[in-house]
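Next come the chains, spelled out residue by residue.
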Amino acid sequence: MNDTLPHHRLSLARIEQAARTIDPVFLQTPQFECEPLSQALGCRLTLKLETGNPIRSFKGRGADCFVKSDARVRPGTTLVCATAGNWGQALAWVCRARGLALIVYSATTANPLKLQRMREMGAEVRLHSEDFDAAKAEARRFAEAAGALFVEDGREASIAEGAGTIGLELLQHGERFDAVLLPLGNGALLTGVARWMKAHSPVTRVIGISTRGADAMERSWREGRVVERASVDTIADGIAVRVPVPEAVQDMQGLVDDVVLVDDAEVVSAMRLLFDHGGLLVEPAGAVGVAAVCADPPRWRQARIATVLCGSNLTAEQIDRWLR
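Residues numbered from 1 in each chain as written. Predicted model: local features only at pLDDT ≥ 70, side-chain atom pairs only at ≥ 80, totals over all residues. Heavy atoms only, no water.

As annotated in an unreviewed UniProt entry, the protein chain carries the name Pyridoxal-phosphate dependent enzyme and comes from Caldimonas mangrovi. Check the Cofactor (unreviewed entry) section of the UniProt entry for the protein chain; it says "pyridoxal 5'-phosphate". (UniProt positions renumbered as here; feature names shortened; annotations may be inferred.)

1. Side note on the UniProt feature "domain: Tryptophan synthase beta chain-like PALP" (unreviewed entry) in the protein chain
Under the feature "domain: Tryptophan synthase beta chain-like PALP" (unreviewed entry), the UniProt entry names residues 26-311. For residues 26-311, the end-to-end C-alpha separation is 12 Å, with 44% helix and 17% strand making up the annotated structure. (Helix = DSSP H or I, 4+ residues; strand = E, 2+ residues; numbered from the N terminus.)

2. Focus: the nonpolar core
Membership of the largest hydrophobic core comes to 38 residues, with the highest contact counts inside it found for L37, L47, L181 and L274. Of all the elements, helix α11 (residues 264-278) adds the most residues to this core, at 6 residues. When residues no more than four places from it in sequence are discounted, the contact partners of L47 are P30, Q31, F32, C34, L37, L274, L280, T307 and L309. C65, L100, M118 and A157 belong to the second-largest nonpolar core, a separate cluster that totals 34 residues. (Core = buried A, V, L, I, M, F, W, Y, C linked by side-chain atoms within 4.5 Å. Buried < 20%, exposed > 50% of the residue type's maximum accessible area, 1.4 Å probe, protein only. Contact = heavy atoms within 4.5 Å.)

3. Some points on the side chain of Q318
Relative to the elements of secondary structure, Q318 occurs in helix α14 (residues 316-323). Overall, Q318 belongs to the buried group, its relative accessible area being 15%. Setting aside its immediate chain neighbours within four residues, Q318 contacts N111, N313 and L323.

4. Quick notes on the pairing of strand β5 (residues 124-127)
As paired strands, strand β4 (residues 101-106) and β5 are joined by 4 bridges and run parallel to one another. Across the sheet, the residue bridging to I103 is E124, located in β5. (Pairing = 2+ DSSP bridges.)

5. Things to note about the packing of aromatic side chains
Going through the model one piece at a time under the given rule, you end up with 2 aromatic pairs. Here F26 and W93 contribute two aromatic rings whose centre-to-centre distance is 6.4 Å and whose plane-to-plane angle is 80 degrees, an arrangement assigned as edge-to-face. Note that F26 is positioned in the loop between α1 (12-21) and β1 (31-33) and W93 in helix α4 (residues 86-98), a separation of 67 residues in sequence. Centre to centre, the rings of Y105 and F142 are 6.0 Å apart; their planes meet at 45 degrees, and the pair counts as tilted. In this pair, Y105 is assigned in strand β4 and F142 in helix α6 (residues 132-146), connecting sequence segments 37 residues apart. By relative accessible area, F142 is classed as buried at 18%. When the ring centre of F142 is taken as origin, the NZ or CZ atom of R126, which lies over that ring, is 4.4 Å away. (Phe/Tyr/Trp six-rings, centres within 6.5 Å; stacked < 30°, edge-to-face > 60°. Lys NZ or Arg CZ within 6 Å of the ring centre and 35° of its normal.)

Here's what the structure looks like:
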């Protein structure tokens, strides 16, 4: 192991512990080289499928890790979060299992399928504004006023450490990759996997992928400070960050080798390739790693690449629009 960041706030030991304690329903997800897709893209592409679980998303790892490890979570605690959908579903699943109350704030434009599932799992869902970050600000205000625990994806180290178990699994059978391409939204997936990857396979380049219509995290990483945007414009709602989390931006430093931006059209092309060549239904945020390969084939020719398909929550209307 080559741990060049021994004092990073994300702990390798806690990632290992998370791999032993997270609900097994979210762990040991399939990973394999998709040969038809590799042939189509001219590289060796390993897919890590985080969609075959009760919430169709990787976020159950971080939610379960947080609730099990944070001392502030006690019987009777009310949790509050803001979400574009998948984080809220993850927390709703975990809170229901632990008998905890959860209030979720989302924008009025959020995916209705995700909102429905949160309600079905017992969460109280409140819609506020058309802007996710405005909904988050209202969630934080309410939690402070009500004495509830506000849980922010990207800010809590244990959430990223839960996601870091994906990195552990990617390497556990001796696989080696030239690069790992990961969706970059609030940063928990990228920083958690990068923390493990850089300690155990330092030659592997860890690359975050955002969209051009939501580039606040990319710009923040490059400038080493939080850069906000006035608005976002992308179909990839799961990574549509307008106001970055400062802790997540800091966590990226020293771990992330590059951040690449892709267009929405490239994201749709990637979704179709995954469906046509892999039989896989993937939401826009989950397909951005493949989109990055589609956007720059010479960069990745013959390279050994892994990417995480992090969610598959699509409405019937979205499937008709993008895949048919």
